[in-house]
Every structure is written in C-alpha cells, then in structure tokens.
Amino acid sequence: MTTKPAPGALPTTAPPTRAYVQARRLAAQRTTEEAAMAEAARLLAKSSLASNGSDQLGLSLNGGGNHALSAGYGILRGLFKKDDACSKLDMMLGVSGGMWTTAIYAFGYRDLSNAEALTKLLDPSRSCDPSRITLDLLNELDSGTLGYSAVRPFGCRALILWPAYLAGGLVSQLTGLNTVNAHQLWIDSVHSTYLAPYGIKQGKFMAPNQETIDAFVKADPDVTAADFIAPRVGKDGPLPLPMGAFTMIGPSIPNQSNFLGPLKEMQKRSVEEGGTTEAVQKARKEFNGVCLVPWVATAATVYTKYQSEPDGPSEMAFDHWQFRGGCSKPPPLRFNDTEALDIPSYKFAQPSREWCTPGGNVTTDRFTLDTLVGFSSDVLEAELNLVRCCNPLLGTLSGRLNIQTAPNDSALKEGVLNQASCNFGDGAIIDNTGIASLVAQGVRSIVAMVSASKSFYPPPPPALAAAGKAMEVGRAARLQARGRSLASVAAAELAVVQQIQEHLGPYLEGLYHPQGKAPLDSSLVSLFGLMHVPDDQQNQAGAWVLAMNHVLQAEKLYGIVRDFTELYHKGAPLVATLEDCEVQPNPFHGTTRNDDKGQQRLCTLTVVYFTKPGETGSYKESADKLPKWEPSDLYVPGSWAACVGSEGGENEAIWSRRDMRDFPYLAPIAQNLFACPPRLAAYTKAQVNLMAYLGDFIIEYHWEKLLAPVFARGSNTAVAAPACGSPAWSRPA
C-alpha cells in the first residue's frame, strides 16, 4: 500500500540507482570526449597543408642515406645564416636519408630554444669561404652537430647485432610469438644513430604542436601527453611542418610471388613498349592494377593521394593467399585518396590481424616518429622486396601496419577490402627527390635539394640548340591545344616529351657516362615525363615506377639542362628556378591539371643540384660518330673546387686525400668500406665537413639572385640580406 505524503510536505523520489549514475557519467564523458575530439580535428585541419593557402613554400631533401644527410646539413646551415630562412617555410619534406635530416632538424634538442638548438645542430660559425678551409678544420666535428650522425658506426653496429635479430625474426615466423626481428634491428639502429643522440626518445607519437597534444589527451583516455612529441617552436611560431615520404611495398595478404610477380611483369612490359607513362598505365590495366603506393606522413596526419586509374582496374586483385594450403582466394584490395580524413598520425595504424599464417610478417602497431623515420629509409627491405619474387626472409625484414586503404569509399564494391595489413619501405623507391609529394599537395613554391650520385655532364651545343628549337615548336603546339580537349593538351605534352627524348635522350639516359650512370638524377628527370632507367637496371622490378612520376610540364626539363650547362661551364654551383611549371594530371600521385576554380595549376620549382662546382671536361669523337664525354682533372679558375684550401696552400693536399677522391659523389653504404679503419654506412669527419662547406657555399652563391626571391614567398616575407658580406673568393665571370 502506497503512503500518501502529509499535507504541505514535499514529494520524495527514490535515490538513483548505481547503474543510472554510471550511465549518466559515461554519457557526460562521451560528450566531453566528442567535443575534445572535435577540437582536436579542428586543430589538425588548422595544421594540415591544405589550409595554408595557395602560396605555400616547401623544401624537399632527397634520399641517399648519409650522402643526403651530409648535403642537407650544409644546405640547412646556409639557410640558417640567412636570418633563419627556413622559418619562412610552410613545410620540410624528407625522403630516406633526407628524412633523417628533417627529423633531427625539427625534433632535436627540444629542451633548448630554437636558436640555441639550431646553432648547436648546424655549427653556423664556420665560414662559407672555401679558401679558408683547412685540413685541421675538416677533421674537427662536434658530436652534437646534425652532421655528426653520419660519422657514427651505423652499419657496423647493425652488422654485429644482425644474427640475434634475425634469429628472433625466424622464431616469430614459425611460432607467431612477438619477438625481436630484423626489421626491429633497422628501427633500433636508425633511432640510436640519428635520433637518440639529439634527445629524441623512442616510441613517441607525433603531433604538430602542444595545443594539439592537449586536445588529443583530453579526447582519448588511452594516451597521455608523455606519449607525444612535437617539433620545436621557432621565434615566429612553429617550425615548418616536418614531412616524410614512404612507400607501400605491397599488401601482406598475397604471398611474394602473387604481388611481385605481376609487378615485375608490368615493369618488363612497360620497358618493352617504350617506358612512357602511357605504356605503364596500359601495363597496369593488364595486371590488375598491382603496384606500389606512395604515402606521406606529417606530424599531424598520414595520407596518400593515390587514385586508381580512371579507366583501369579500381582495385588490386590477387590469385591466392599468403599460404596456399587450406585457404581460399584473397579478396581484392582498393586504394584511394585518404587525405580528406585528417586522421591523426597516432591513429594511422590499427590493431593487426593475420590471415592463415602462423606468425606472419612483423607487425608495428604504433605509428611513431621512429617508425616513420625507419620506414622512410628502409632501403634494404625495399630492395629484397623488389628484386626477388620469393624471399624467405621477407617476414623478418618487413615492417607492417594495418591501415585503412580506402575508407568511406562510395565506389567500394561488395567483397573488396578497404583495410589491410601492408608492408612499407623506403620512399625513394618511387620519387627520391620528394618533389612529386609536394606538387601533389598543391605547394606553389618548391625548393628541392638533389644530392647527385654522379657529376652533371652538359650535352654538346648542337644537341642543346636543337632541343631549344624543338621546345619553341612544342610551346606553340601547347598554346593551340589549350582551347581544345584535354586529350589534345595531353597529346601536345607527349610530343614535347618525345622531342626531348630525341634531342637530349642520349645524354639524359647516360649513354656517354664512363660509369654508365646518368648525368641527371633519374627521379628528377622522371618528374617531367621521361622514363630514365640505366641499362643495368632495366630488369629490376620497381624501376618502372619512374614512369609514373610525370607531374610537371616536360618543356621545363629543357630549362634545367640549359641553365645547368651554362653554370657548369662557368664553374658555378648548379641551381635553376623554373617559374610557372604547369602541373600534369597524375592519378598515381593524385595531381590534377586544374585547381578548384578551374584554373591551370602552376608551381615554381628551384632545384639545388649538389655537385662539385668547377669540374671540367669535353666531348671527343667516338667510333659511333657521336661525341663522348671525357672528364678532366682541371678545375675552372676561381671556382669553389679551385679555391678550397687555397688561403693556406692546402688545395692539392685536400683533394689528394683518400677519402676525397670521389667527393662529393660519396656512396651511402660502401664508400669507406676498405678504409683504415673500415666504415660501413659511415663517413669520415672530413667528408661530412666538406659536404657541409659546399652546401653552405651553394646557398651563399645563389642567394641574392635565385634563392632570396623564392623564400620571400613564404609565411614571413622579411628576408635578410646575405650574411657573409663580401667573401674572399671571387665568382667566375
């Protein structure tokens, strides 16, 4: 029986149950977390490259291990001397060894102010005057500098520890236990050599700034502020957004022969049909679209702008599973543009799952800074993936992430996967310059360092003159085609590529180079539509990817060759600025011809080509009636190479050193293998220092005329005058 309340008494209610209270608390927590995640998403969008406007300025540092790192060390020193010109950048992208440089520059010495950190990293007190270089200065290198990481015994350490890590990887393969493995050896070695000495701890997620870290922690109870690392803050705000390029080597669902077999056949077919972009696209259609995929990671997010071919297969199709016994045919896998998601980089990797394998490949569930730096430079894993169809060690070498490959894709067919575990490796496999990634992002002004593996050999005057006339004809044809269909524009562009191939092809393909290498970097040439693969690499799977890099107007390649030829004969550093480069549509990299307003997309590209200023040579008649280039031991008077050490009379002594014989074309791994003491993947202090002196000199030499106007387009338009004053050396006339 219910008791009525007394007259005038307040009504009473039963106390809330524990389940009700918990439900309300969880609802309030979810609301708070959703609001916090929305704030984190807003901050991510604010930090994303797309929101920086149309006048973005980006710097790319190419791949090449310690060779690229040492060159980047000098380039960054030179820019720091120009009132910290890098502070004008919106982003700084590194590929392979260039990513080592980028990571140290952005995340090193976070306990110091930015000015203190960069002073310690770059050693800007050294003069850019080559005449003042001495043998004593070459042998002095502070262990706290960025360049010193190229001296540390990276290769020897890895070689000593290799058996233990390899054994652990085999145990993981056979038992499924999570043990140490060969890929973890690479990650650990990269971290201990290139990150740990600069105070960068292992296992840290990336974030663009402290504000975003606070938002992540508030939104996600599974992480704390101690889990993250953000770039240092400069005097005018955050440092340029650090970026790293890496490559999906292949999905882990099919076995090696199932993915790499078609990949190699595509390469062979592409070369047989001329090696053009059209030939590769045709081959991709014949082999179910099986291919590598370019990825880019920033401190904010991870993405690919890769798109399926418009009239080709919409997904990669496979014939069988990782292990054939007892398993059915694997489903197709679709890849498509993931950039719009703005997924935080720390959420890029998902908990992994293996199909029909006892252990599968090594899985890295956390996408941290050292994961990115390791993936983007893992050239050993990439070589073994690309060269061999069935490699029993693959599972111990591969780093794997379980990722969304085509999330929220409206075109996804039934039975097609849009999430899978994938193996990742070196970003240099696709584009060693990093330029394609910045073009795909819509960057308007790009400064690209390309540390060449061989000298630039200028084409003979008749060939260059014939190419110039052909470019005039091609320019007129392009202007006529603009008022017609897109197919007409594409046909006109292809005609220009063919003209360059006809007049400059023998020189771009390196037919006259004594070592059989090209006088221009193959990745650089590929950006303009030429598939430029030396004869000794024609049969390597993956070389065809160069044909997929056509993102810039072909005519501009002639401008690079022309300007480099003029500078070469003067003994000057090779730097060329190409204004108003028309961007070409390329679904592989995700570039489009027009912007959102329907206007032709344009960019300005400045190429800093890292060679030895002052080299000479000449063309001689050969048996095939074509001129053959023969280098000389002489230097152009007054050039950098001629002035090195001249003030103290040490020019000859410096260039006669054993470790300077190949300068600056130092091999990344075996350059000092037979030195005393032997070094594997490590340089001498003198090699690193002279690379840095050269990089600093290149910036100084071309600052006023070429580089200062480009950096004035960045976020901060105040660009200081040259800091070195009037150097003792004189520029060649």
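The structure reproduced in this document is the subject of the present report. Note that this is a predicted model, so its numbers are computed, not measured. (Residues numbered from 1 in each chain as written. Predicted model: local features only at pLDDT ≥ 70, side-chain atom pairs only at ≥ 80, totals over all residues. Heavy atoms only, no water.)

### Re helix α2 (residues 65–81)
Argument step 1. Across its 17 residues, α2 extends 25 Å between first and last C-alpha, which sits within 8% of the 24 Å expected from 1.5 Å per residue.
Argument step 2. Along α2, 17 of the 17 residues are buried, which leaves the element largely enclosed by surrounding structure.
Argument step 3. Two residues or fewer after α2 comes Asp-83, characterised by a positive phi angle close to 55°. (Helix = DSSP H or I, 4+ residues; strand = E, 2+ residues; numbered from the N terminus. Expected span 1.5 Å × (residues − 1). Buried < 20%, exposed > 50% of the residue type's maximum accessible area, 1.4 Å probe, protein only.)

### A short note on the packing of α2 against helix α3 (residues 97–107)
Argument step 1. Running from amino to carboxyl end, α2 crosses α3 at an angle of 45°, the nearest separation of the two axes being 7 Å. Judged by the angle between their axes, α2 and α3 are oblique. Along this stretch, α2 crosses α3, giving a crossing that reads as right-handed. Here Gly-65, Asn-66, Ala-68, Leu-69, Gly-72, Tyr-73 and Leu-76 of α2 come into contact with α3, specifically with Gly-97, Gly-98, Trp-100, Thr-101, Ile-104 and Tyr-105.
Argument step 2. Of the residues that constitute the contact of α2 with α3, the class distribution is 7 nonpolar, 6 polar and no charged. (Axes fitted to C-alpha atoms, helices over the stretch in contact; angles between N-to-C directions. Parallel < 35°, antiparallel > 145°, perpendicular 65-115°, else oblique. Left-handed = near helix turned anticlockwise from the far one by under 90°. Contact = heavy atoms within 4.5 Å. Nonpolar A, V, L, I, M, F, W, Y, C, P; charged D, E, K, R; others polar.)

### Description of the pairing of strand β10 (residues 399–404)
Argument step 1. Summarising burial for β10: 5 of the 6 residues are buried, a large majority.
Argument step 2. Inspection of the sheet shows β10 paired to strand β11 (residues 419–426) by 6 bridges, in the antiparallel sense. Counted as the bridge partner of Leu-401 is Cys-422 from β11. (Pairing = 2+ DSSP bridges.)

### Some words on the pattern of salt bridges
Argument step 1. Taken as a whole and assessed by the stated rule, the structure comprises 9 salt bridges.
Argument step 2. The shortest N-O distance in the salt bridge between Asp-563 and Arg-562 comes to 3.0 Å. (Salt bridge = Lys/Arg side-chain N within 4 Å of Asp/Glu carboxyl O.)

### Considering the environment of Val-575
Argument step 1. For Val-575, the position within the fold is in strand β13 (residues 574–582).
Argument step 2. Given a relative accessible area of 2%, Val-575 falls into the buried group.
Argument step 3. In contact with Val-575, not counting residues within four places along its chain, are Phe-564, Leu-567, Thr-606, Val-607, Val-608, Ile-698, His-702, Leu-706 and Leu-707.

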